[in-house]
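An overview of the molecular structure
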Amino acid sequence: MTATGRRLRADAERSVQAILEAAERVLKEDPAATLEQIAEAAGVARTTVHRRFANRDALLAALAESAWRQIAGAVEGARPATAPPLVALHQATANILAIKSGWTFALGQPATNEEIGRLQQAVYAACDEVFRRAQQAGDIRAGVDLAWARQVYLALINETAHGPTGGGEPDAAAARILDMLFHGIG
């Protein structure tokens, strides 16, 4: 999509995706990397990067937006409103971990536009919905502050994805996160 909402041609979409993937790789290694270095890593001309992204800030915003779109799609794919709550939580967690491992730089960027904020809010709303349904099903005891539970859950995901031991295989890591969330260490 362009800034005006028009769809890009298929070859242009591939070019943008190659640029975003290269930007993630290059910026993860060197956050000060230039657009020229990113273009080289993407296998495109510097002018192609400049044609698609007005400046470095626009590229960073597009990078973060792309990663958050993937996260939102992964959460939606877990069917948070219809799947059994613990199944939805497990699937969403595994999906998110798989994405976070490949987009660490992008997901570390602040929300710089309304669309990123909207995507983040949709992800948090889906999480709140699953937690509410889990509480109604008796999987979370009555009286637990669900906003706090979400904060802890997201912290567990982030620590798993970015911690010193690494996340490991997403499905197994999701099981560990949910076990810790629902059963603690005691």
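Let us look at the structure shown here. (Residues numbered from 1 in each chain as written. Predicted model: local features only at pLDDT ≥ 70, side-chain atom pairs only at ≥ 80, totals over all residues. Heavy atoms only, no water.)

**Observations regarding the overall build of the protein**
Looking only at helices and strands, one finds nine helices and zero strands in the protein. Shown N-terminal to C-terminal, the secondary structure of the protein runs as helices and strands in the order α-α-α-α-α-α-α-α-α. When the backbone C-alpha atoms are referred to their principal axes, the protein occupies close to 55 × 35 × 25 Å. Here the protein holds 186 residues, and 40% of them are scored as buried. (Helix = DSSP H or I, 4+ residues; strand = E, 2+ residues; numbered from the N terminus. Buried < 20%, exposed > 50% of the residue type's maximum accessible area, 1.4 Å probe, protein only.)

**Concerning helix α7 (residues 114-136)**
End to end, α7 covers 32 Å across 23 residues, agreeing with the expected 33 Å (1.5 Å per residue, within 8%). For α7, the full list of buried residues reads Ile116, Leu119, Gln120, Val123, Ala126, Cys127, Val130, Phe131, Arg133 and Ala134. Taken together, the buried residues of α7 touch α4 (56-77), α5 (85-102), α8 (146-162) and α9 (170-183). In the stretch just after α7, Gly138 is the one whose phi turns positive, near 90°. (Expected span 1.5 Å × (residues − 1). Contact = heavy atoms within 4.5 Å.)

**Brief notes about the packing of helix α1 (residues 10-29) against helix α2 (residues 35-42)**
α2 packs onto α1 with a crossing angle of 115° between their chain directions and a minimal axis gap of 8 Å. In the packing of α1 onto α2, the handedness of the crossing is right-handed. Residues Ala18, Ile19, Ala22, Ala23, Arg25, Val26 and Leu27 of α1 form the contact with α2, whose participating residues are Gln37, Ile38, Ala41 and Ala42. The residue makeup of the contact of α1 with α2, split by class, is nine nonpolar, one polar and one charged. (Axes fitted to C-alpha atoms, helices over the stretch in contact; angles between N-to-C directions. Left-handed = near helix turned anticlockwise from the far one by under 90°. Nonpolar A, V, L, I, M, F, W, Y, C, P; charged D, E, K, R; others polar.)

**Comments concerning the environment of Phe182**
Residue placement: Phe182 occurs in helix α9. The spatial distance from the C-alpha of Phe182 to the C-alpha of Asp128 is 15 Å, given a sequence separation of 54 residues. When near neighbours in sequence (up to four residues on either side) are disregarded, Phe182 contacts Leu86, Leu89, Asp139 and Ile140.

**Brief notes about unusual backbone geometry**
For Arg79, which is not glycine, the phi torsion reads 55° and is therefore positive. By secondary structure assignment, the location of Arg79 is in the loop between α4 and α5. Note on Arg79: relative accessible area 47%, which makes it partly exposed.

**So, the nonpolar core**
Formed by 51 residues in total, the largest nonpolar core has its most connected members in Leu27, Ile38, Leu59, Leu63, Ile71, Phe131 and Tyr153. Those elements that place two or more of their residues in this core are α1, α2, α4, α5, α6 (104-107), α7, α8 and α9. The leading source of residues in this core is α4, at ten residues. Among residues more than four places away in sequence, those in contact with Leu27 are Ala33, Ile38, Arg56, Leu60, Leu63 and Phe105. (Core = buried A, V, L, I, M, F, W, Y, C linked by side-chain atoms within 4.5 Å.)

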